[in-house]
Structures are given as structure tokens and as C-alpha cells.
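# Structural description and commentary
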Amino acid sequence: MVGMVNMCLPYLVLEPVLDKLSTLFLFSTQAKVTSKEQVNAIRRKIEWAKVDMTTLLGHSEILVRDLLELAPGDVIPLMQNVKEALPVYVGNFRKFKGIPGLHGEHLAVQITEIVEEGRDQDG
């Protein structure tokens, strides 16, 4: 038989050990015994992690009526100056600015600036 048990302990009983239960304590003690080999192994694994990277080319507002009437060859003007660097997002966070271009036959964006955390954030 498998089940769930809820236990209720008084705060006064837990207070002396609460600091030992925090994740900060676990990571701070673990960091003290981490070898250079362990750090390199973690770095190698992280380097192969894939993250979504998105560049926002611009945005526009059009009426639904106009959207329904779009045909091949129609042009939708974007609210983006062609001389402005584009925002580049890593996941949901704006991390860079860049300019669009080509790399061989592939569309590309050249990173021109790193956006500092908490500065120049969109949305």
C-alpha cells in the first residue's frame, strides 16, 4: 500500500535546522568541494545545451479587413527604422542588438551590442 502522509512540526523544532535545509546552504557547501575537473565537465555539458534565439525584425498594426485581403506581393510597412539595430532575444530575455544580413545563402543577424541586464528591455 502506498500513500501520502502530512506531518506538522512546530516552528521551534525546525528553527535550529532551517538554515541547513535551504538550497543556498546546499550549493554553498557543494561549491567548496567542487574540483576543476567537475567544473570543466559541467561547462562542457552546458556548452552543448540548445537555447532559442530570436530576432524581432519589426512590428506593424493593420486592420483585420486588410489582413484578409493580403495577396502575394503586398507590402506591410514595419514600425522599425532600417538603421536601428534589432533586438535579439535568448529565450524570453533581450540580450543583444544586431543588424540583419546574410551569411553565405543563409539569413543571419550580426551582433552589434550586448544589452546589459535590466537595461533597454522590451516587453
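Anything mentioned here points back to the structure above.
Let me sum up the structure you'll find in this document. (Residues numbered from 1 in each chain as written. Predicted model: local features only at pLDDT ≥ 70, side-chain atom pairs only at ≥ 80, totals over all residues. Heavy atoms only, no water.)

### What about the overall build of the protein chain?
Our working definition: The helix and strand labels rest on DSSP assignments: H or I over at least four residues marks a helix, E over at least two residues marks a strand, and numbering proceeds from the N terminus. Any residue under 20% of the maximum accessible area for its type is buried, any over 50% is exposed, and the rest in between are partly exposed; the area is computed with a 1.4 Å probe on protein chains only. Contact definition: two residues touch when any of their heavy atoms are within 4.5 Å.
For the protein chain, the count of helices and strands is 5 helices and 4 strands. Its helices and strands in sequence order give the protein chain the pattern α-α-α-α-β-α-β-β-β, from N to C terminus. Counting only residues that meet the buried cut, the protein chain has 7% of its 123 residues in that class. Here the contacts in the protein chain between residues at least 6 apart in sequence split such that 30% fall between residues at least 24 apart.

### Some details on the pairing of strand 4 (residues 106–114)
Put simply, the rule is: We call two strands paired when DSSP finds no fewer than two bridges between them.
As paired strands, strand 3 (residues 93–103) and strand 4 are joined by 8 bridges and run antiparallel to one another. The partner of Gly101 across the bridge, within strand 4, is Ala108.

### Comments concerning a nonpolar patch on the surface
Threshold: A residue counts toward a patch only above 30% relative accessible area and without a salt bridge, and it is joined to like-charged neighbours within 9 Å or, for Val, Leu, Ile, Met, Phe, Trp and Tyr, to nonpolar neighbours within 5 Å. Values of accessible area rely on a 1.4 Å probe in the Shrake-Rupley scheme; residue burial ignores everything except the protein chains shown. For this analysis, a salt bridge means a side-chain nitrogen from Lys or Arg found within 4 Å of a carboxyl oxygen belonging to Asp or Glu.
There is a patch of nonpolar side chains on the surface, built from Ile62, Leu67, Leu70 and Ile76 and spanning about 320 Å² of accessible area. Its place among the elements puts Ile62 in the loop between strand 1 (53–55) and helix 5 (64–68).

### Here's the deal with the sheet that holds strand 4
Convention followed: Here the axes come from fitting lines to C-alpha atoms, over the contacting stretch only for helices, and the angles between their N-to-C directions go from 0 to 180 degrees.
The antiparallel open sheet is built from 4 strands, whose spatial order is 1-2-3-4. Either end of the sheet is taken by a strand with one partner, and the two such strands are strand 1 and strand 4. Taken pair by pair, the neighbouring strands of this sheet meet at an average axis angle of 40°, ignoring direction.

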